[in-house]
Number of protein chains: 2
Amino acid sequence: MVRNRATLKDVARRAGVSYQTVSKLLNRQIRLSEETERRIWKAIEELGYTPHYNARSLRAQRSFTIGYSWPPSPPDETNPILDQFLQSMFVAAEARGYFLLMFPYHYQVDKQLAAYAELIDAGRVDGFILSSVEYNDPRIRYLQDRKFPFVAFGRSNPDWRFPCIDVDGGRGLYDVTQHLITLGHRRIAVLAWPEESRVGNNRLEGYLTALSEVGIPVDHALILRGEGRLDFGYHATHHLLSLPLPQRPTAVVALNDYMAIGAMQAAQERGLRVGEDLAISGFDDIPLARYLTPPLTSIRQPIWEIGQQVIQHLIDIIETGVPPEPRCLLVPPTLIVRASTAPNAKASALSNSPSAKEVVNR
Amino acid sequence: MVRNRATLKDVARRAGVSYQTVSKLLNRQIRLSEETERRIWKAIEELGYTPHYNARSLRAQRSFTIGYSWPPSPPDETNPILDQFLQSMFVAAEARGYFLLMFPYHYQVDKQLAAYAELIDAGRVDGFILSSVEYNDPRIRYLQDRKFPFVAFGRSNPDWRFPCIDVDGGRGLYDVTQHLITLGHRRIAVLAWPEESRVGNNRLEGYLTALSEVGIPVDHALILRGEGRLDFGYHATHHLLSLPLPQRPTAVVALNDYMAIGAMQAAQERGLRVGEDLAISGFDDIPLARYLTPPLTSIRQPIWEIGQQVIQHLIDIIETGVPPEPRCLLVPPTLIVRASTAPNAKASALSNSPSAKEVVNR
DNA sequence: AACGTTCGTGCGAACGTTCGCATTCATTGT
DNA sequence: ACAATGAATGCGAACGTTCGCACGAACGTT
């Protein structure tokens, strides 16, 4: 291992100043004569000097590091936003001189909190990003208790005040439901998540609002709850399609794309043409959605933007010491209309190939 | 921010010893009288002492941190193994007291190397994990030059010597090709990657070996190369299916699941029953594979195991200073046989629902 | 009785920064 | 002409560890 590090002292010696002067120049805490400054920069250049991270952090009591941990996805699912979210966060962090530190996610609460505590006590991180936030999330309670900086991607209890950013899933569901209503649908089923799911409830609200706005009564037989897997979408849709005709839905809104795909399979097995005989929509806009037969209408979350915001916000809190406004920032998702909710047979047939053109709302 | 850190000196004072003694006890560099040791542990416990990371690293000139960066997946694809690979790596790292540091991937070579150089010079990492390694990878050259520890997930130039672990993609393709031959197929097409693709070439070899072993001549019209996208699989398969009957393939082996899905769509559009009229297989075994209609035969990479190995190996190199054996370790993937390569019509029809049972080879 | 050995513990220094205050020197106002 | 100002730089200390060596006591050996 080649360890030829140049230190501040080396630079200073070569530039003929004291090493503290160099430090201050680098931290912009001082104004030097043009001449001296040039000499110092030259020396830095020539020696290829890079400040030593641990020394700086030790003295400054700051780590320029942000901790992040997330629950692994189950073996039969892919996390559709992970890659983009992470990439967006590094880029935002790098721009301000920070890096991300990753650590394992523990489901056991005490182990989980111990992991956060250790990183804090060891001075390894200046703040955390939380995701997959649920009701009564113990991490939020803990970090608030310790007054340690964090920003959450996702909301928690409505009466808690903490810095967070979330996709307005309710808005997404409102948009797609309204879209279906405009197409003439009146009996719209929804494949939802369990009642404990905070994200699920937020989304469901948008559906209910859209219905009530135009005076369509809510039919609770059309709201089915499950674990968000493809199987559930498949079986639930079979169930819906075997309801007596007057109650049978003409459209199915799924809270994620996997359930929507299951729904499509069920419909196709029964000989229904998706988009014409039964409209189906998803959520997440996974890459595959546009390639399905027919292409799936879905809702795209502005993940890149969220990664940027979440990091900027956290660094602001770290560097100013004060959360500017601990309210939750909601960003709207985008409805992507494709053939699975086509207005009529013709549109559906035309867009049956992978190169189908898409309609993006907003 | 509550900053009530206890330091070594606090612990030492309370236990009535010098702080260096406490340090040595924690690092197991010393044997103490039972009595003293108990007092020290008690003090540590009572004060909730956690060693300060930056101080330790500064003195020890080690960061207990591993750097990792990977190319973001294009917007119309999901990285099917990212989540599991990362999770596996943190768990392995944590077990040995390390964490992972993530940083953005730059496509421009000089920027890319600058990122690696800065992390090294700043003393932020003790080693790197590389992935998406290609021929003549500049990162490998650079790190070897600097004699800085790293382990690659993936091979590079055959004549380069560096520590690496890779999935034996050739073996995977050998297995699936042989499987198809056993089912009676003789004209087996392959949807491959561009010639510059190292991974693609490794895999293709297995296909060629399997054919030559049973004396089937290679038909170059059946080897189509493209970018690994769904569209390519779709169009290539349409092309294959319009070949004159004697040259037309009865099976299509795709180098990833997305191309396989495209192939399935093309076949179905032409009214062919996948698994009966045309066998199709993929690679990666994405979660969706088992839910397709029919379920897709694919090849599963032992990602968890690779994450573990890659980290263990790197930490061994870091801690001993010597790469034990710079050869590439190849781990075999697993062939998952499903209905898309069913031996006959009956099997195919039976396994047409999401709950179809799977056959796992090896 | 004198002499190594081992055990348990302590001490001073160093890792490479940043921070606060002190110092030098030229410039300015009166 | 002299104190007061300000600009440019230097100095010592501190951050919390780990490392190498030294030291005294207890013990068995010659």
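Per an unreviewed UniProt entry, chain A goes by the name Alanine racemase and belongs to Thermanaerothrix daxensis.

Caption draft 1: A look at the protein's contact with DNA strand C. Around DNA strand C, 30 residues are found, and the nearest of them are A:S23, A:K24, A:R59, B:K24 and B:I30. Each atom of DNA strand C within 4 Å of the protein was assigned to sugar, phosphate or base; sugar and phosphate come to 49%. A:H52 has a polar backbone atom sitting 3.3 Å from a phosphate oxygen of DNA strand C. In this structure, a phosphate oxygen belonging to DNA strand C sits 2.8 Å away from a main-chain N or O atom of B:S18. Contributions of two or more residues to the surface near DNA strand C are made by α2 (19-26) and α4 (53-60) of chain A together with α2 (19-26) and α4 (53-60) of chain B. Grouping the amino acids of the surface near DNA strand C by side-chain chemistry returns 10 nonpolar, 13 polar and 7 charged.

Caption draft 2: Structural context of the pattern of salt bridges. Residue and element names in this part refer to chain B. Here the structure, examined in full by the defined rule, presents 42 salt bridges over all chains. A salt bridge links D137 to R139, with the nearest nitrogen and oxygen atoms 3.0 Å apart. Overall, D137 belongs to the buried group, its relative accessible area being 5%. Here R139 falls in the buried class, since its relative accessible area comes to 1%.

Caption draft 3: Region of interest: the sheet that holds strand β6 (residues 188-192) of chain A. Residue and element names in this part refer to chain A. Strand order in the open sheet formed by 4 strands is β7-β6-β8-β9, with parallel pairing between adjacent strands. The two strands at the open ends of the sheet, each matched to only one other strand, are β7 (223-225) and β9 (279-281). Averaged over all pairs of adjacent strands, the angle between their axes in this sheet comes to 15°, without regard to strand direction. Here β6 runs beside β7; their pairing, made up of 3 bridges, is parallel. Each bridged residue has a counterpart across the sheet, and for L191 the counterpart in β7 is L224. Its contacts with the sheet place helix α10 (residues 230-241) against β6, β7 and β8 (251-254), and it is angled at close to 150° to β6. Running over the sheet, helix α11 (residues 257-269) touches β6, β8 and β9 and is turned about 160° from β9.

Caption draft 4: Quick peek at the relation of the copies chain B and chain A. Taken as rigid bodies, chain B and chain A are interconverted by a rotation of 180° and an axial shift of 0.0 Å, the fit giving an RMSD of 0.1 Å. Both chain copies can therefore be described as sitting about a two-fold axis.

Caption draft 5: Seen up close, the state of the cysteines. All names here are of chain A. A complete count under the given rule lists 2 disulfides over all chains for this structure. A disulfide bridge connects C164 with C328, and the sulfur atoms are separated by 2.1 Å. Taking the sign of the S-S torsion, about -100° here, the bridge from C164 to C328 comes out left-handed. Here C164 is found in strand β5 (residues 164-167), whereas its partner C328 is found in strand β11 (residues 328-331), with 164 residues between them in sequence. C164 sits in the buried class, given a relative accessible area of 3%. With a relative accessible area of 30%, C328 lands in the partly exposed category.

Caption draft 6: Quick look at the pairing of strand β6 (residues 188-192) of chain B. Residues and elements named next belong to chain B. Most of β6 sits out of view: 5 of its 5 residues are buried. Because side chains alternate across β6, one face comprises the buried residues I188, V190 and A192, and the other comprises A189 and L191, equally buried. One ladder, built from 4 bridges, connects β6 with strand β8 (residues 251-254); its direction is parallel. Paired with V190 across the bridge in β8 is V253. Taken together, β6, helix α9 (residues 198-213) and strand β7 (residues 223-225) form a β-α-β motif whose crossover is right-handed.

The rules behind the values
Note that residues are indexed from 1 along each chain, following the sequence as it is written. Key to labels: chains lettered from A, ligands numbered from 1, both in the order written. With the structure being a predicted model, the display of local features is reserved for residues of pLDDT at least 70 and the display and counting of side-chain atom pairs for 80 or more, all residues being used for whole-chain, interface and lining totals. Side-chain metrics rest on all non-hydrogen atoms present in the structure, leaving aside hydrogens and water. Near residues are defined by distance, with any heavy atom within 4 Å of the molecule or strand qualifying the residue. Nitrogen and oxygen atoms within 3.5 Å of one another constitute a polar contact, given that in protein one can donate a hydrogen and the other can accept it, and given that sequence-neighbouring residues count only through two side-chain atoms. Only DSSP runs of H or I with at least four residues qualify as helices, and only runs of E with at least two residues qualify as strands; both kinds are numbered from the N terminus onward. As a working rule, the residues Ala, Val, Leu, Ile, Met, Phe, Trp, Tyr, Cys and Pro are called nonpolar, Asp, Glu, Lys and Arg charged, and the rest polar, with Gly in that last group. Salt bridge, as used here: a side-chain nitrogen of Lys or Arg that lies within 4 Å of a carboxyl oxygen of Asp or Glu. Using a 1.4 Å probe on the protein chains alone, a residue whose accessible area is under 20% of its type maximum counts as buried, one over 50% counts as exposed, and one in between counts as partly exposed. Only strands joined by at least two bridges in the DSSP assignment are considered to pair. To get an axis, fit a line to the C-alpha atoms, keeping to the stretch in contact for a helix; angles then go from 0 to 180 degrees between the N-to-C directions. In this description, contact between two residues means that some pair of their heavy atoms is separated by no more than 4.5 Å. Here the copies are superposed with least squares, the fitted atoms being C-alpha atoms of residues at a pLDDT of at least 70 in both. Cysteine sulfurs are considered disulfide-paired once they come within 2.5 Å of each other. Orient the strands so they point away from the viewer, and a crossover whose first-strand-to-second-strand path over the helix runs clockwise is right-handed.

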